[in-house]
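Structure assessment
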Amino acid sequence: MKKTTEPQYRALIGQLLSTPDIGALDGDRVQIAKEDTDLPQRFVEWINAYERKAILEEVMKVEFSGAKEQFVASEHFTETEFYLGDNFKSLMVPKVEGPQGPSTLLVEKALRKLSDTEIIKVKGGKGKVVTSLSELRYLLFLQSKGPGGPQGALLTDGSWNRFYIEGVDGVLYQVSADWDDDRWRLSADDLGYYGLNVGRRLVSRN
């Protein structure tokens, strides 16, 4: 592994501080610095945070109190209450989640069109983006009346709200929720199937 010298650190810091456009940075220099095993962890976290700020803007945080009992998805996601896509029915509805502690959900909006790969990378890996079906259900409950409900974290104009949730097979999928006239529509697709357009929202754990 090529080591990053102190002058290179200083040059990189200068770039980070002087440009508001992450696309203008020397990508090779940033990548070498991030892969340098001797690079202080605080500096790595700073670079990651800088990159994330350039493509995602925080909208709000929502506190989830947790689930003391098992969350049986089939009891909470029914076709009388939601429009369920075929993949959501086969991959998410059969799932049973164990009890879950409290969490803080971070809601962000995309500042440009993003791929799953970009989102997962800048957030720090799949473990940093994954949420649960019980957290999804909680946010949907807060806005069960869609546009007529209380102010919530999710868009209700027909735009997608993106979650990353593991299916019953243990694989991570992109889950989208959008309001469709009278109820929420839910779909689950392989990573990379849809990008996240400008202004659309992403929900992850803070």
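Preceding this paragraph is the structure being described.
Bear in mind that the values here come from a model prediction, so they are computed numbers and not experimental data.

1. Details of the pattern of salt bridges
Applying the stated criterion across every chain yields a total of 12 salt bridges. Close ionic contact of E135 with R205 constitutes a salt bridge, the shortest N to O distance being 3.0 Å. With E135 in helix α8 (residues 133-142) and R205 in strand β10 (residues 201-205), this pair connects stretches of sequence that are 70 residues apart. On the basis of relative accessibility, which here comes to 33%, the residue R205 falls in the partly exposed class. With a shortest N-O distance of 3.5 Å, D180 and R185 are connected by a salt bridge. Under the relative-accessibility criterion, D180 is labelled partly exposed at 22%.

2. Remarks on the pairing of strand β5 (residues 103-110)
Taking burial as the measure, the eight residues of β5 include six buried ones, the bulk of the element. Of the strand pairs in this sheet, strand β1 (residues 56-64) and β5 are connected by eight bridges, and their pairing is antiparallel. Directly across from L56, in β5, lies its bridge partner A110. Two strands pair when backbone bridges link them, and β5 and β10 are joined in this way by five bridges, in the antiparallel orientation. Paired with L106 across the bridge in β10 is S204.

3. Considerations on the packing of aromatic side chains
Given two aromatic rings, one states the distance between the centres and the angle between the planes to describe the pair. By the definition in use, this model includes seven aromatic pairs. Consider the rings of F77 and F88, whose centres lie 5.4 Å apart with planes at 70 degrees: the pair is edge-to-face. Linking F77 in the loop between α4 (73-76) and β3 (83-84) with F88 in helix α5 (residues 86-91), this pair joins segments that are 11 residues apart in sequence. The two residues F77 and F88 agree in class, both being buried. Joined through ring pairs, the aromatic side chains of F71, F77, F82 and F88 make up one cluster.

Rules and cut-offs
- Residues numbered from 1 in each chain as written.
- Predicted model: local features only at pLDDT ≥ 70, side-chain atom pairs only at ≥ 80, totals over all residues.
- Heavy atoms only, no water.
- Salt bridge = Lys/Arg side-chain N within 4 Å of Asp/Glu carboxyl O.
- Helix = DSSP H or I, 4+ residues; strand = E, 2+ residues; numbered from the N terminus.
- Buried < 20%, exposed > 50% of the residue type's maximum accessible area, 1.4 Å probe, protein only.
- Pairing = 2+ DSSP bridges.
- Phe/Tyr/Trp six-rings, centres within 6.5 Å; stacked < 30°, edge-to-face > 60°.

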